[in-house]
Amino acid sequence: MKSSWMLVAAALFALMGVLVKHASASFSPAELVFYRSAFGLLAIWGVIALGRRRLLAPLATRHWRAHFWRGLSGFVALVLFFYAIGRLPLATAVTLNYTAPLFLAALSAWWLRERHGRGLVGAVLLGFVGIVLLLRPQVQGQDWLPALAGLASGMLAAVAYVNVKQLGKLGEPEWRVVFYFTLLATVGGGAWMAVAGFHRPLAGDWLWLAGIGVTATLAQLALTRAYHRGRTLMVGSLAYTTVGFSALYGVLLFDERLPLPAWIGMAVVAAAGVWAVRASTPAPPDPL
């Protein structure tokens with residue numbers, strides 16, 4: 001039952017995707033990342049303040065360069081993910097982003113010099129078969145650009161995973177890693193808006209923008225509780241229910257209809273991800 005907190009997180013992450021898809025009609029991906037991160041940053045700052053800690057001392061770090069690269073990879077992954085959500089069926093965009101464990105398996109072998117068995121190699125190969133099944137029947141012409149963006153978001157999320165793991169080895173606490181990532185994403189989104197321009201939110205927009213930040217923050221809290229209290233392999237497997245929730249929301253709220261090969265591809269990618277989680281070392285919580 002403790003692992004079931006991951007189901008709460010999955011439903012909230014999928015709901016965040018719904019809000020992003022709705023708001024993407026009026027705001028750019030960078031703007032949405034800014035608002036998502038800004039509300040999250042306020043929440044983190046509030047937790048620190050309520051904990052009666054000195055605000056500057058616990059945030060001080062000697063590993064700013066490692067935080068920068070972790071934040072940059074996560075920020076770009078979020079921008080690409082939000083771009084894909086706005087232009088692809090919700091379940092398709094989420095599935096492409098959830099290829100992160102497959103890329104993580106390859107990166108950890110090459111970057112961290114970790115040895116993996118044949119089972120993990122098979123999971124990676126199966127996952128990319130699922131990607132082909134998912135994309136071929138529905139992605140045509142210009143739709144390949146958001147599809148590649150979604151796939152790149154999964155790859156960069158895997159880079160962020162590796163950076164999180166390295167920061168853990170440096171002794172950086174999780175809440176500090178999350179704070180600097182959220183801070184960099186807020187600054188990055190704000191800078192992008194300053195250069196590319198931004199849309200002034202109307203009164204009715206604030207509910208959607210705040211909802212993105214609130215659902216993302218609550219999902220992170222539920223995910224953290226799941227990893228802290230539940231069984232890691234069970235939690236890692238349940239994370240793929242986000243794809244199912246996204247498919248359900250897409251059908252009910254956006255009247256999205258996917259062809260049968262796409263549904264099979266989604267199932268194959270999810271199965272490969274679960275296989276990769278079980279065949280490798282426990283994965284860290286989703287950095288996005």
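Up top you'll find the structure we're talking about.
To keep things clear, this report deals only with the structure shown in the data block.

Reading the values: rules and limits
Residues numbered from 1 in each chain as written. Predicted model: local features only at pLDDT ≥ 70, side-chain atom pairs only at ≥ 80, totals over all residues. Heavy atoms only, no water. Phe/Tyr/Trp six-rings, centres within 6.5 Å; stacked < 30°, edge-to-face > 60°. Helix = DSSP H or I, 4+ residues; strand = E, 2+ residues; numbered from the N terminus. Lys NZ or Arg CZ within 6 Å of the ring centre and 35° of its normal. Salt bridge = Lys/Arg side-chain N within 4 Å of Asp/Glu carboxyl O. Buried < 20%, exposed > 50% of the residue type's maximum accessible area, 1.4 Å probe, protein only. Core = buried A, V, L, I, M, F, W, Y, C linked by side-chain atoms within 4.5 Å. Contact = heavy atoms within 4.5 Å.

**Structural notes on the packing of aromatic side chains**
All told, the structure shown has 10 aromatic pairs when counted by the stated rule. Considering the side-chain rings of Phe103 and Phe128, the 5.5 Å spacing of their centres and the 80° angle between planes classify their relative orientation as edge-to-face. With Phe103 in helix H5 (residues 100–110) and Phe128 in helix H6 (residues 118–135), the pair connects residues that are 25 residues apart, well separated along the chain. Taken together, the ring pairs connect Phe27, Phe34, Tyr35 and Trp206 into an aromatic cluster. For the cation-ring pair, Arg70 lies above Phe181, with the distance from its terminal atom to the ring centre recorded as 4.2 Å.

**Some words on the pattern of salt bridges**
A complete count under the given rule lists 3 salt bridges for this structure. Lys21 is paired through a salt bridge with Glu256; the nearest N and O atoms lie 3.7 Å apart. With a gap of 235 residues between them, Lys21 in helix H1 (residues 5–23) and Glu256 in the loop between helix H11 (241–254) and helix H12 (260–279) connect regions that are remote in the sequence. No difference in accessibility class separates Lys21 from Glu256, as the two residues are buried. Across the pair Glu172 and Arg176 runs a salt bridge whose closest N-O atoms are separated by 2.9 Å.

**Comments concerning the nonpolar core**
Among the nonpolar cores identified, the biggest contains 66 residues, and Met6, Leu32, Phe82 and Leu96 are the most heavily contacted of them. With 11 residues, H1 is the single largest residue contributor to this core. Apart from residues lying up to four places away in sequence, Met6 is in contact with Leu223, Ala226, Val235, Leu238 and Ala239. The next biggest cluster of nonpolar side chains, apart from the first, holds 7 residues, and it includes Ala105, Leu120, Val124 and Ala272.

Spatial relationships are all this shows, so hold off on functional conclusions.
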